[in-house]
Structures are given as structure tokens and as C-alpha cells.
Amino acid sequence: MTRRKQAKGYQDALIIGIPSKGRLQENANGFFANAGLKVKQAPGGREYVGRLSGIDNVAVAFLSASEIVARLEDGSIHFGVTGEDLIRENLEDADKVVEFVLPLGFGYADVIVAVPQSWIDVETMADLDDVALAFHRRHGRRLRIATKYINTTRRFFADHGIADYRIVESAGATEGAPAAGTAEAIVDITTTGSTLAANNLKILDDGVMLKSQANLVASLTANWSAGALKAAGAMLDRIDAKLSAETHVVVSARGKLNRVKLVKEVTTEFNCTAQPDEGALSFLCPRGVLQAVATRLRDAGADAVTVTSAEYIFHAQNALMDRLRKRLKLKK
């Protein structure tokens with residue numbers, strides 16, 4: 001695998017690829033800003049034209065979605081924000097080349113198999129296999145599948161034992177191919193399904209090939225220098241702390257309480273963590289168990305239960321960075 005050289009002056013920097021335009025760029029910038037890491041775009045014509053506020057030694061490259069995938073593969077960027085569908089389609093063995101660090105909660109799209117609604121007896125991939133065989137016998141040619149997702153389609157169809165078809169590479173609006181007579185079925189992405197319905201298409205019951213969304217993705221082929229690793233640790237630490245603050249609260253109780261008993265019960269049953277507090281009995285808890293924990297503490301004799309939100313919650317261990325270091329086969 002050929003690895004591109006990093007731009008002069010950035011050999012030791014952590015390089016992050018962010019979409020260069022559109023909604024994905026807006027959402028990516030919003031994700032980093034939410035963790036207190038605002039993307040700063042600088043003027044000039046250099047390849048790397050941005051940085052993250054709050055962390056030194058980070059360069060941001062504004063790239064197209066396809067370029068982000070290519071550069072994650074050749075190792076010229078350390079992280080990229082891109083859709084899982086593009087990674088799976090363009091990297092033959094994606095999980096050996098990249099680490100999916102974190103799903104980001106935007107850029108949702110399902111890669112699906114769809115057929116005409118008039119095919120009333122075709123509801124599953126097995127049904128499609130039967131149709132493909134019958135189509136070949138009747139017409140003397142293979143069933144045509146229009147798609148931009150060539151590699152993903154081949155893998156999915158092979159997993160379902162379907163071989164009697166041929167791919168028609170789609171250059172335009174894939175969902176219009178059956179109506180235009182250029183294909184009998186399609187593989188495409190969809191978010192709401194409304195465009196498919198408008199083109200009189202339906203998704204097969206087991207035809208969802210991939211439920212994709214934008215991910216923060218790390219390259220396993222990049223040059224992870226000491227400087228890049230340090231910056232990555234700081235970035236992932238901030239992201240992890242923000243995510244923990246959004247999903248957890250501190251629940252505190254005062255009163256005549258059996259502390260030993262309650263600590264054992266609450267930590268075991270509700271997946272909370274006891275917090276050091278000289279006065280109140282406090283726990284760091286997932287937001288979803290807030291009511292149940294408060295009820296348990298009141299039933300146990302708490303005079304009052306208070307709930308506090310935090311802006312960041314930094315843990316002793318950063319699970320995101322620990323997992324990345326493991327994939328890179330680095331010691332802690």
C-alpha cells in the first residue's frame with residue numbers, strides 16, 4: 001500500500017479530514033464544537049487549511065467524502081468524518097484498514113435492495129433469487145441491478161447465494177432505472193423511503209444491506225507519531241467527556257442512609273458509579289435510570305435527592321483512546 005507524504009510542517013501533527021462542503025461539513029463542525037473543539041478554517045491555498053481550537057498540533061484537511069476514504073486508506077490523514085457506507089464500499093477489508101471510533105448521529109442512510117411494487121410475490125432476497133433464475137430462463141439474459149454500490153452489492157448478494165444477475169453501474173438517479181427500463185431492481189441509499197415510493201419501488205423485507213451514518217474513523221495505516229498520539233488523546237478525551245456529560249447525571253441523597261448497602265445496590269442494579277462526597281451519598285448514573293435511582297434512595301430514607309448535570313465528565317480511562325491504541329497495537 002502506497003502512503004502519501006504529509007505536507008511539509010505537518011509531519012508530527014494529527015491530521016483530521018472533514019467534509020469540505022454541505023450538510024456533512026456543518027454537522028461535523030457542530031459535533032466538534034459541541035465538545036469545545038471549534039473548527040477554525042484559515043485562509044490560504046495550502047492543503048491543510050484548518051485547526052481545532054483548544055488542542056495544539058492538529059491540522060484539519062477539508063476534503064470530499066471520497067477523498068477522505070482514500071486518505072484514510074493510504075494513511076495521509078489520521079482521522080476522517082465520513083459515512084460508513086462509503087468506507088464499506090471503497091475499502092475491500094475495511095476493518096483491517098480503519099477503526100470506527102464513534103458513530104456521530106447524523107448522515108443517516110440505509111443501503112437497500114428495492115424492486116418494483118408490482119412484483120407482489122417478491123418480498124425477500126430468496127424471492128429475488130427465484131425471480132432472477134426465472135428471468136434468465138425466460139429472457140435469455142440476467143436480471144439487471146442498478147447501483148453505485150458495486151462492491152457492497154456483490155458481497156451482499158453473495159451472502160444470500162444470489163449469482164444470476166448483473167450490475168448496471170448507475171451514473172444518475174438510481175431509483176429511476178426500473179421505470180426507464182435500464183434495470184429491473186436497484187441497490188441505493190435511502191433515508192425516508194419517500195423517493196423510492198414515488199418511483200413505485202419497495203424495499204425487500206431483508207434487503208437492508210447496511211444502516212449507515214457518519215462516523216469518526218481512524219486510519220490504522222497512518223504514521224501515529226508521539227505528537228499525533230498526544231493530540232489524538234486530548235481530542236478523544238474531550239469528546240468522551242462531553243458524551244458522558246450528555247448521557248449521565250450526578251444523583252445525590254442526604255439523610256439517614258445505609259451507605260454500604262445502597263452503594264452495593266445502586267452500582268450493581270443501575271450501572272451507576274459511587275462518587276466521593278463527604279456529605280451526601282452521590283452516584284454518577286445514566287440518565288435513563290434517573291427516576292429509578294431517585295425512587296430507591298427516597299424509599300431507603302433519603303430526605304432529599306438532587307440531580308446535577310455536568311458540562312464534561314472526565315473518566316480515569318478514555319475508552320475511545322484505549323480502543324484505538326489496542327487497534328494500533330500500542331501499549332498504554
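Residues numbered from 1 in each chain as written. Predicted model: local features only at pLDDT ≥ 70, side-chain atom pairs only at ≥ 80, totals over all residues. Heavy atoms only, no water.

Novice: I would appreciate a short explanation of the pairing of strand β10 (residues 185-190) in the present structure.
Specialist: A regular strand carries its side chains on alternate faces of the sheet. The buried fraction of β10 amounts to five of the six residues, a majority that puts the element mostly inside the structure. With five bridges connecting them, strand β7 (residues 109-116) and β10 associate as antiparallel partners. Bridged to A114 within β10 is I186. Judged from the three bridges that link them, strand β8 (residues 143-147) and β10 form a sheet pairing that is parallel. Bridge pairing in β10 links I145 to A185. (Buried < 20%, exposed > 50% of the residue type's maximum accessible area, 1.4 Å probe, protein only. Helix = DSSP H or I, 4+ residues; strand = E, 2+ residues; numbered from the N terminus. Pairing = 2+ DSSP bridges.)

Novice: Help me understand the state of the cysteines in this model?
Specialist: Simply put, disulfide is the name for a covalent bond between the sulfur atoms of two cysteines. As enumerated under the stated definition, the model contains one disulfide in all. Between the sulfur of C272 and that of C285 lies a disulfide, 2.2 Å long from S to S. Here the S-S torsion is close to 120°, and the disulfide linking C272 with C285 is therefore right-handed. You can see C272 sitting in the loop between α10 (259-270) and β14 (273-275) and its partner C285 sitting in strand β15 (residues 281-286), a full 13 residues away along the chain. (Disulfide = S-S within 2.5 Å.)

Novice: Is there a simple way to think about the pattern of salt bridges in this case?
Specialist: Here the idea is simple: oppositely charged side chains can pair when their charged atoms come close. Tallying each qualifying case throughout the model produces 15 salt bridges. In this structure, D110 engages K211 in a salt bridge whose closest nitrogen and oxygen atoms are separated by 3.1 Å. A residue pair is termed long-range when its members are at least 10 positions apart, and D110 in strand β7 and K211 in strand β11 (residues 201-212) qualify at 101 residues. Overall, K211 belongs to the exposed group, its relative accessible area being 58%. Residue K202 pairs with E123 through a salt bridge whose shortest N-O separation is 3.2 Å. Separated by 79 residues along the polypeptide, K202 in strand β11 and E123 in the loop between β7 and α5 (125-139) bring together distant segments of the chain. Each of K261, E265, E269 and R296 takes part in a single network of salt bridges with overlapping partners. (Salt bridge = Lys/Arg side-chain N within 4 Å of Asp/Glu carboxyl O.)

Novice: Just to check I follow, could you spell out the sheet that holds β7 for this structure?
Specialist: Strand order in the open sheet made by the five strands is β9-β8-β10-β7-β11, with mixed pairing throughout. Sheet topology places β9 (165-169) and β11 at the edges, where each strand pairs with a single neighbour. Sheet twist, expressed as the average angle between the axes of neighbouring strands with direction ignored, equals 25°. This element, helix α6 (residues 150-159), spans β7, β8, β9, β10 and β11 of the sheet and lies at about 165° to β9. (Axes fitted to C-alpha atoms, helices over the stretch in contact; angles between N-to-C directions. Contact = heavy atoms within 4.5 Å.)

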